[in-house]
Each structure stands twice: as structure tokens, then as C-alpha cells.
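# Structure assessment
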Amino acid sequence: GIILARVEKYDGAARQFELARKDHRDPYEVAFNLTLAYVKSRRYADAVRAARGYLSQGHKRAELYNLLSQAYEGNGQTVEAYGALRTATQIDPKDENNYLDLATLCVDHANYDLGLEIVSIGIRNIPQSDRLYFQRGALLAMKGQSAQAVVDFEAASKLAPDKSLAYAARGIVLLELGETSKAVALLRQRASASPDDYMVHYVLGEALNRSGPTTRSPEENEAIQSLERSVRLNPDFAASRAVLGKLLLRRNEVDRAITELEKALELDPQETSFLYQLAQAHRKKGNLERAKELFAKVDRVKSEERDKFMTRTLIRLVREGSK
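So, how was this worked out
Residues numbered from 1 in each chain as written. Predicted model: local features only at pLDDT ≥ 70, side-chain atom pairs only at ≥ 80, totals over all residues. Heavy atoms only, no water. Salt bridge = Lys/Arg side-chain N within 4 Å of Asp/Glu carboxyl O. Helix = DSSP H or I, 4+ residues; strand = E, 2+ residues; numbered from the N terminus. Buried < 20%, exposed > 50% of the residue type's maximum accessible area, 1.4 Å probe, protein only. Expected span 1.5 Å × (residues − 1).

Applying the stated criterion across every chain yields a total of 25 salt bridges. Taking the shortest distance from any N to any O, the salt bridge between aspartate 196 and arginine 229 comes out at 3.3 Å. A residue pair is termed long-range when its members are at least 10 positions apart, and aspartate 196 in the loop between α12 (180-193) and α13 (198-210) and arginine 229 in helix α14 (residues 218-233) qualify at 33 residues. Two residues, arginine 256 and glutamate 253, come together in a salt bridge whose shortest N-O distance is 3.3 Å. Under the relative-accessibility criterion, glutamate 253 is labelled partly exposed at 24%.

Next comes the structure, spelled out in C-alpha cells:
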């Protein structure tokens, strides 16, 4: 069964684990692997049944409750998913992963108050966890408590000075607070210390872009170079390509702008913040059908939805931090 699971033949693995249940000496191992195989093959209702079957016998295992929460969430049972993760935190209060997973679930459902409550309990139990301080900072920022968020991001950076996520997040919140020059200075320093971090280069490029550089100025050149580096480091990250495409269009480098913006749209079809620029670029090239199609999409997107930069980027960072 385990070998089959490794090569992602999860349905086959599930059948093997089902057979093993009857005579296996370690029922927990079989229950966990069976639940995992069901989750991986997206058979969420079966996964819920398998995990609950074992847990209903009075066993308490935090790892299985964590997996059960993934099954519940996949099955559309978000309230039960919260409950399973909360139980996992109670069984093993020193394991930061359960708090982080629960907070990430709260972020996905914009349930920021519950997320803050959970992460604060986690910090009381594990005061040295930089990841929990980072997560709490992100939740505070999403609630609009930006100054308090900066304090938590600073605490996360002190606890783990080698990690860049909290620096990137602090830069984003400083931009939101209108402290653009402070954000640029912080991110330049971090980009120099972590030259291979695509997220820091992305946020630096965005910060420089938001500082309103004149066309072909040293600041604009730096923004483009930083974003190009971010794209090289992670070609599948749509946000870097989107900002790069906008800057290239402003420079009238229309072909390169179209390439970057179309690729960004392909990577993240839900993103709407750059559709207007992509439509403009196609119109400039005379691709009128594509331009018309994109302008129609722009009209359908409410203006207030077009620029939720801080929340969108923090959600990306939270997902990155929970890996």
C-alpha cells in the first residue's frame, strides 16, 4: 500500500489499506494511511469515515485530527474542519503546525477573529515560534490593525532573522500605511541579504513601483530588475509577472508587457488587477478582439475588487509560510 501511495496511485493504495485493516497489528498506522490515501484521491467523504471510525473508539491522535480536518474541508464541512484542528491543538499544544493550519483555514475563509484567538493561544504555548508571530501579524493586517501587525512581524524577524517572509510582510504593511520610502529601504536591505528570495524581490519591485518613479528613472530600472529576478527565481509566481508587465507597458515595451501579463493571467486566472493594462496592450498592438474581450471582463470587475494588494499578497505569504 505505501509503495502505491508514493507513486500517487492513491485509489489502489486505499484498497490495500482497506484489506490491511482486518489483520494489521497497528490499527492507527492503517487508519492514518487509509485516510491519507482517500484525501489524496479526493474521496473526502470516505476519508472522513475512515478517520472517524478509528477516533470513535476513544483514541486521541493529533496527527489524525489534522488529517481529518483536511478531509472535512475537502468535503465542504468547514465548521467541522475548524473543530478537528482545534482538537488537535488541545491534544498536542506544543505542535505549532496545528495552530498554523487552523489559522490558514481561518484566512481562507476570512474568519480573522477566530484565527487571532487560535494563534494567540499558540504563542502562549510556544513563545519562540516565529511562524506563529508571522501568522498573527498577517491576521492583524487583514483586520486593518496594521501598526500592531508590524510589531508581530518584527518579533518574527527577531526570532528567525534568516527567514524573509516576515520582512516581506512588513514591507507590504508599510506600503499600506503609506510609508513607502521606509518599505523600500527595508526591502532593499533584505534583498541584499537574501538575493535568492523571489518574494522579497517581488515586494521590493512593487514598493518601488508604488513610490511613483518617473519613466526610465534609476528607481524604475531597479523595480524592473528586481521583478525580473523574482520571475527568474520563481517563473510560476503570477504577481511578479503582473507588476513587471505593467511597468514594461508604461515604458511602451508592448510585446514584452503582453508576454508577461498573459503568462500572469494563465498562472492565476482569478487575478483581475492587471486586466485593464493587458487590454490596453492588446489594443496598442491592434489585437482588437482580444482587447474587447478583456475590457468586457474589466467592466465586470468592481473597482474596489481591483486593488486588494495587501490582503492578496499576505494570503500568498501565509500559504507560503504554512508549507
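When the terminal C-alpha atoms of helix α4 (residues 44-55) are compared, their 16 Å separation across 12 residues agrees well with the 16 Å that a helix rising 1.5 Å per residue should span. Of the positions making up α4, those classed as buried are Tyr44, Asp46, Ala47, Val48, Ala50, Ala51, Tyr54 and Leu55.

Outside of glycine, negative phi angles account for most residues, and trans bonds account for most peptide bonds. Positioned with a positive phi, arginine 42 is a non-glycine residue whose angle comes to about 60 degrees. By the secondary structure assignment, arginine 42 is in the loop between α3 (27-40) and α4. Even without glycine at this site, alanine 110 takes up a positive phi of about 55 degrees. The residue alanine 110 is located in the loop between α7 (96-108) and α8 (112-125) in this model.

Structurally, the position occupied by tyrosine 202 is in helix α13. The class of tyrosine 202 is buried, set by a relative accessible area of 2%. Sequence separation between tyrosine 202 and leucine 187 is 15 residues; the distance between their C-alpha atoms is 9.7 Å.

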